[in-house]
Amino acid sequence: ELVDRVRDGEYALAITDNDMTGMTGVEAIAELRTTHPDLPIYMLTYNSQIGPQAQKAGVTAVLYKDGFDPEQLKQIVSQHLSPNYQKPAASQTSY
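Residues numbered from 1 in each chain as written. Predicted model: local features only at pLDDT ≥ 70, side-chain atom pairs only at ≥ 80, totals over all residues. Heavy atoms only, no water.

**Examining the overall build of the protein**
Then, in step 1: A tally of regular secondary structure across the protein gives 4 helices and 3 strands.
Then, in step 2: In the protein, the order of α-helices and β-strands from amino to carboxyl end is α-β-α-β-α-β-α.
Then, in step 3: Going through the 95 residues of the protein one by one, you find that 35% of them count as buried.
Then, in step 4: Excluding contacts between residues fewer than 6 apart, the proportion of contacts in the protein whose partners are at least 24 apart in sequence is 52%.
Then, in step 5: Working note: accessible area of the protein is about 6,200 Å², and carbon and sulfur atoms make up 48% of it. (Helix = DSSP H or I, 4+ residues; strand = E, 2+ residues; numbered from the N terminus. Buried < 20%, exposed > 50% of the residue type's maximum accessible area, 1.4 Å probe, protein only. Contact = heavy atoms within 4.5 Å. Areas by Shrake-Rupley, 256 points an atom, 1.4 Å probe, with all protein chains shown as cover.)

**Quick look at the pattern of salt bridges**
Then, in step 1: Within the structure shown, the criterion is met by 1 salt bridge.
Then, in step 2: Residues Asp17 and Lys65 are paired through a salt bridge, measuring 2.4 Å at the closest nitrogen-oxygen approach. A residue pair is termed long-range when its members are at least 10 positions apart, and Asp17 in strand E1 (residues 14-17) and Lys65 in the loop between strand E3 (61-64) and helix H4 (70-81) qualify at 48 residues.
Then, in step 3: Accessibility expressed as a relative area gives 26% for Lys65, which makes it partly exposed. (Salt bridge = Lys/Arg side-chain N within 4 Å of Asp/Glu carboxyl O.)

**A closer look at the packing of helix H2 (residues 25-35) against helix H3 (residues 50-57)**
Then, in step 1: Between H2 and H3, the least distance of the axes is 8 Å, while the angle of their chain directions is 10°. Judged by the angle between their axes, H2 and H3 are roughly parallel. Our pair here, H2 against H3, has a crossing hand that is right-handed. From H2, Val26, Ile29, Ala30 and Arg33 reach across to H3, where they touch Ile50, Gln53, Ala54 and Ala57.
Then, in step 2: Among the residues forming the contact of H2 with H3, the class breakdown is 6 nonpolar, 1 polar and 1 charged. (Axes fitted to C-alpha atoms, helices over the stretch in contact; angles between N-to-C directions. Parallel < 35°, antiparallel > 145°, perpendicular 65-115°, else oblique. Left-handed = near helix turned anticlockwise from the far one by under 90°. Nonpolar A, V, L, I, M, F, W, Y, C, P; charged D, E, K, R; others polar.)

Spelled out as structure tokens, the structure:
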């Protein structure tokens, strides 16, 4: 559903979990990168082993649910919706 919604609409960013029905978050990220190479994509997961796979698929950043602060997600969304938003350098996208 995530892939279909992004493909059919215009979004400032995408947020996914790795555990989804039909495909994993990593698979969704890889598919989205083919049509939306510049779309910021964040993935939530408990599984620390998924990070490298998500990075290879093109995720902007992985947010680990263990110890996750919802305020962090609010900040990320606010940044991307700001009219003054500037895409950070790749080295600045880890959370």
